[in-house]
Structures are given as C-alpha cells and as structure tokens.
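Structural features, examined
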Amino acid sequence: QLAPIFWIIIICVVLSIIEADQKLKMITDVSYDAIFNHGYIWSIVLAPFSPDFFWGTFGHCLALFYVGRRLVVTDGLIEFLSLYFFSAMVGLLLFWSCQRIPSNRDLYLFESIDVAIWSLGSIGMVYAVRYPTEKILLYFVIPIQIKLFMMGVVVVVLLMMASRPTDFVSYLSLLGSLGFGYLYAFKHFQLSSVFQKIKRLFVKVSLPIMGGGSNLKTMSEEEIKQEIDRLLDKITEK
C-alpha cells in the first residue's frame, strides 16, 4: 500500500514547487472571484494537493506517509481520497460563503490560502478519533498522544481566530474541516458509497411507459431500439 501514498506525495511536492512561482499561483487560486468569476475550476482539484512550499510541504508529506498510509491500508485508496477531497470542499464552502459577505469583504482577500492543510487537519482528526492513545513525536522529540495533539490544534485554531481577525476565515475553514473529520470518524461514514449512489442514479434509468422496471444497462441494443420504436408509435397515436 506504499505506492499510492508515494504518488500522492510526489504530486504534492510537484504542485507546491509549481505554486511557488508567483506567475503560476493561478493554478491553485480558490478565491471566490477566481472560481466563480474567472472559471478557474481546475483549482478546486489541484489546491488540496499543493501545500505551501517548503516547510508546509515537508510537514504535509510526512503526515501523509505516517497517517495517510495507515488510512489507505484500513479504508482503501478511494475512500481515503474521498475523505481528503471532501474535507477540502468543506473548508472551501465556508471560505467562499464568507467571501460573499459584502460588509467584511476586505477581511477575506488573501494572496494565497493553503487548502491542503484543511484536508490534512481532517485526516489527522480521523486518525485521532480511531487511534486516540497512539503517540507521535512533536518536533521529533516530545512524545504526545495523537488525541491530545489534535485537541491542542483545535485550541490553537480558536485562539488564532480570536486574535487575528484578518485571517479569521482561513481558520474558520480549517475548523470546519476538523469538525468534518471528527464527524466522519465518529459516525463511521463511508464517502465512497456516495459515489456509488450517484452512479446508480445515472445508470439505472427507468422507462416509465413499460412500468418502470427496465434498466438500460441490462437491455441489449436491439431491445432498446424496439422500445424506442414502440414509444414513438405511442406518441404518434396521441
């Protein structure tokens, strides 16, 4: 199970290096103006995989290797990526919503925003809920239980929200992603099942005139043609 995590780490490193160039920051610009007014839709997919260069990338990849690798083994790659991406989307939705507040819009203009940390925060929270007594080495020296570490992260985020109003929205988005990770682990959600349900909505198309029991996926091409001809004949009669 190492290969998927290594590929994710490589993608994060490459994107963080590219993003470090000021001329290329638009590839991960997730501001409301960039997404909804200029159509930089690709940023929604790329931003969660482009942590800040250099130390942000180092810490992000280190956490992916030790924590993300464990979740890939227990949940599978698809579920892990679903959690990773949905966590970022929770933060983005809060971020965009706050940018739509006209009276405080000046507070929500950022040169850059680290969306990757929202995903990482959620993953760390999931790990802390599942394995609360496991220890990590803070600054590679101080052993601390993962649950205490994540509780400390939440406290620090709340303090930063109160003390730095210009960064209030970025911390609020991180707090939202942390909360999403907690609910995901506590309620035992399966995000990959959401995609399966969406897929079934598009695959199982019923033909109501036949009584709603026909499935286009199981019908042969000739049967579909015959049914279409029958429906056209009914329309012509009417």
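Since the structure is predicted, the reported quantities are computational estimates derived from the model, not experimental observations.

1. Things to note about the packing of aromatic side chains
This model, assessed by the stated rule, comprises 13 aromatic pairs. Arranged with centres 4.9 Å apart and planes meeting at 50°, the rings of Tyr127 and Tyr131 form a pair that is tilted. Its relative accessible area of 6% is what places Tyr127 among the buried residues. Arranged with centres 5.6 Å apart and planes meeting at 10°, the rings of Tyr182 and Phe186 form a pair that is stacked. Of the two residues, Tyr182 and Phe186 both sit in helix H8 (residues 168–187), four residues apart, roughly one turn of that helix. Using a relative accessible area of 47% as the deciding quantity, one classes Phe186 as partly exposed. Site record: aromatic cluster; members linked through ring pairs are Phe53, Phe54, Trp55 and Phe58. Sitting over the face of the ring of Phe65, Arg69 holds its NZ or CZ atom 4.4 Å from the ring centroid.

2. Regarding the pairing of strand S1 (residues 135–138)
Here four bridges tie S1 to strand S2 (residues 142–145), and the two strands are oriented antiparallel to one another. Across the sheet, residue Leu137 finds its bridge partner in S2, namely Pro143.

3. What to know about a nonpolar patch on the surface
A contiguous nonpolar surface patch, about 1,200 Å² in accessible area, is contributed by Val13, Ile17, Phe53, Phe54, Trp55, Phe58, Tyr139, Phe140, Val141 and Ile142. The set of elements that each furnish at least two residues to the nonpolar patch consists of helix H1 (2–20) and helix H4 (55–75). Position of Val141 relative to the elements: it lies in the loop between S1 and S2. The exposure class assigned to Val141 is exposed, which follows from its relative accessible area of 61%.

Conventions adopted
- Residue indices begin from 1 for each chain and proceed along its sequence in written order.
- Predicted model: local features are reported for residues with pLDDT of at least 70 only, side-chain atom pairs are reported and counted for 80 or more only, and whole-chain, interface and lining totals are derived from all residues.
- Side-chain numbers come from the whole structure's heavy atoms, not from hydrogens or water.
- Ring geometry is summarised as follows: Phe, Tyr and Trp rings, the Trp one being its six-membered ring, pair when their centres sit within 6.5 Å, and such pairs are stacked at plane angles under 30 degrees, edge-to-face over 60 and tilted between the two.
- Burial classes: relative accessible area under 20% of the type maximum marks a residue as buried, over 50% as exposed, and values in between as partly exposed (1.4 Å probe, protein chains only).
- The secondary structure listing takes helices from DSSP runs of H or I that are at least 4 residues long and strands from runs of E that are at least 2 residues long, numbered from the N terminus.
- Two thresholds decide whether a charge sits over a ring: the Lys NZ or Arg CZ must be within 6 Å of the ring centre and within 35 degrees of the ring normal.
- DSSP-based pairing: two strands are paired if at least 2 bridges between them are found.
- Any residue with relative accessible area above 30% and no salt bridge may belong to a patch, with like charges joined within 9 Å and the nonpolar Val, Leu, Ile, Met, Phe, Trp and Tyr side chains within 5 Å.
- What sets the accessible areas is the Shrake-Rupley method with a 1.4 Å probe; for residues, cover comes only from the shown protein chains.
- Here, a salt bridge means any Lys or Arg side-chain nitrogen found within 4 Å of an Asp or Glu carboxyl oxygen.

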